[in-house]
Each structure stands twice: as C-alpha cells, then as structure tokens.
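Each chain is listed here by its residues.
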Amino acid sequence: GSGSGVHGLPASAWATATISKIQDTTLSNSTTSVVTFSGIPGTYSHLLLIAQGRLTENTVQADDVSIQFNGDSSSSYGYVTQYANNPSGSMASGIGNGFAGAAMPAFRFTASQAGANVNAGGGFLFIPNYANNAFNKLIYGISGGGNGTTSFVDIRTRIGIYNPSSQAAITSLSLSVSSGFFLTGSRFTLYGIA
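All residue numbers here refer to positions counted from 1 along the written sequence of the relevant chain. For this predicted model, a pLDDT threshold of at least 70 governs which residues receive local features, and a threshold of 80 or more governs which side-chain atom pairs are given and counted, while totals over whole chains, interfaces and linings are taken from all residues. Derived side-chain values reflect all non-hydrogen atoms in the structure, with water molecules and hydrogen atoms excluded from consideration.

**Comments concerning the pattern of salt bridges**
- Here, a salt bridge means any side-chain nitrogen of Lys or Arg that lies within 4 Å of a carboxyl oxygen of Asp or Glu. Applying the stated criterion across every chain yields a total of six salt bridges.
- One salt bridge connects R108 with D64, and the closest N-O pair in it is separated by 3.1 Å. Of this pair, R108 sits in strand β7 (residues 104-110) while D64 sits in strand β4 (residues 62-69), placing them 44 residues apart in sequence. For the pair shown, R108 and D64 are each scored as buried.
- For R156, the salt bridge identified is with D154, shortest N-O distance 2.7 Å. The secondary structure listing takes helices from DSSP runs of H or I that are at least 4 residues long and strands from runs of E that are at least 2 residues long, numbered from the N terminus. Partly exposed describes any residue whose relative accessible area lies between the buried limit of under 20% and the exposed limit of over 50%, with all areas from a 1.4 Å probe on protein chains only and scaled to the type maximum.

**Quick word on the sheet that holds strand β1 (residues 19-26)**
- The strand order across the open sheet formed by eight strands is β1-β12-β3-β8-β9-β10-β5-β6, and the pairing between neighbours is antiparallel. The open sheet has two edge strands with one neighbour each: β1 and β6 (92-101). Direction aside, neighbouring strands of the sheet carry axes that sit 15° apart on average.
- Sheet topology places strand β8 (residues 121-128) next to strand β9 (residues 137-146); six bridges connect them, and they run antiparallel. Bridge pairing in β9 places F124 opposite I142. Each pair of strands is called paired provided DSSP finds at least two bridges between the two strands. Axis definition: a line fit to C-alpha positions, over the contact stretch in the case of helices; interaxial angles, taken between N-to-C directions, run 0 to 180 degrees.

**A closer look at unusual backbone geometry**
- Phi is positive for N70, close to 55°, though the residue is something other than glycine.
- Its location among the elements puts N70 in the loop between β4 and β5 (77-85).
- Here N70 falls in the partly exposed class, since its relative accessible area comes to 29%.

**A few points about the packing of aromatic side chains**
- Classification of ring pairs rests on two measures: the distance between centres of Phe, Tyr or Trp rings, Trp counted by its six-membered ring, which must be within 6.5 Å, and the angle between planes, read as stacked under 30 degrees, edge-to-face over 60 and tilted in between. Applying the stated criterion across every chain, the model contains six aromatic pairs.
- The interplanar angle of 40° and the centroid separation of 6.3 Å between the aromatic rings of F107 and F109 together place this pair among those described as tilted.
- Considering the side-chain rings of F109 and F188, the 6.1 Å spacing of their centres and the 20° angle between planes classify their relative orientation as stacked. You can see F109 sitting in strand β7 and its partner F188 sitting in strand β12 (residues 187-193), a full 79 residues away along the chain.
- Accessibility expressed as a relative area gives 0% for F188, which makes it buried.
- Members of the aromatic cluster, connected to one another through ring pairs, are F107, F109, F182 and F188.

**Brief notes about a nonpolar patch on the surface**
- Candidate patch residues must exceed 30% relative accessible area and have no salt bridge, after which like charges are joined if within 9 Å and Val, Leu, Ile, Met, Phe, Trp or Tyr side chains if within 5 Å. Note on areas: these come from Shrake-Rupley sampling with a 1.4 Å probe, and a residue is covered only by the protein chains present in the view. A cluster of nonpolar side chains, I50, F124 and I142, forms an exposed patch at the surface whose accessible area comes to about 240 Å².
- Mapped onto the fold, I142 is located in strand β9.

**With respect to the sheet that holds β7**
- Read across the open sheet, the four strands follow the order β2-β11-β4-β7; overall the sheet is antiparallel. The open sheet is flanked by β2 (34-37) and β7, the only strands paired with a single partner. Strand-to-strand twist across the sheet, computed as the mean angle between neighbouring axes with direction ignored, equals 25°.
- Strand direction decides the pairing type here: β2 and strand β11 (residues 173-177), joined by four bridges, are antiparallel. Bridged to V34 within β11 is S176.

These values are about where atoms sit, not about what they do.
Structural data, given as structure tokens:
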C-alpha cells in the first residue's frame, strides 16, 4: 500500500511525478493542418513535445512541421538546422538557417512520396524555462523519418530561437504544415517537466 510507512518519508517526498502529460492528441482525420496546445500551465520548469505522423502533401518525401508560440506570427523566429537526407537516392548533408520568420521548423514528417502510409516521421522537441518572462525562448530538437526498405531517410537536428518584442511565458503553441494536411493517426503529446 503506502510507501510512507516503510521509509518514514511522506508520500510527497517520493511520489511526485517528474514528467506530467499536459495534452495528448491523435488525429482521427486527414483534414487538420494546425494542431494547437492552449492553456499551457506555467507550473513546470520545462516542456517536452513528442510527435509522430505523416503529411498528405503529394510532391515530396518529407517536409517541415512549423511551430509558433502564443499565436505570434511576427518576425520573431530564427533557427539553425543540421541535416542529412537522400531525396534523390544519394546522401546529402548540410546546415540551413533562417531568421526573422513568422514561425520556425520544429519537426520533419514524411509525406506521400515516402512510400506506404505506415512510413511515419517525427521526433521530440525540448523547450527549457518556457514560463519565464526574462529571456527569449529556445527549442532543441531531433526529428526525421524514412521508410526502412529503400535508401530514403531524412534526419534533422535543430536549435530555434523565439525572441518577441516583449518576453512572456509560453501559454500556447501551434504546429502547422506548409502544404496539405496531417494524415490520420498523427499523434502529438505535450509534457511538463518538474
């Protein structure tokens, strides 16, 4: 039953969750182009966002899923991406970046030219100190996808910066596609880290 009686400590000293699920969304349709997490409480130290899915976009093997914070579409986002992929069958790698954007890339998802619908992409995104209002916000992530049966693979590591004109806690975030929709079964889970 209760562990309190065994080691003499109150339950609050050992039973507090380090990671708590804030919201979990699995899409039941292929007509959603934006997934939003709103009302994010400021009671955690950091956020962890995990996603897996696929895009309906029919002209590429993979594409970026972008993120915005607090509904802000001003020119406040910058990023650096290191990548390795082989869209034409031969491996390529490099570094890409952007600044003063209305959003920034968060995840790499597979799309229709990656083969069967089961060939998903996704990854994780860490957002430290999201509830502070003293500093700009940073993201660190790894994502990608492939199909496992041919040479197709697309891997990305990212560092992103959100620096609005007035610093504030992150209370909402939105993930959006650049073309088409998220495929049915795409899943997005936001966790708070104590």
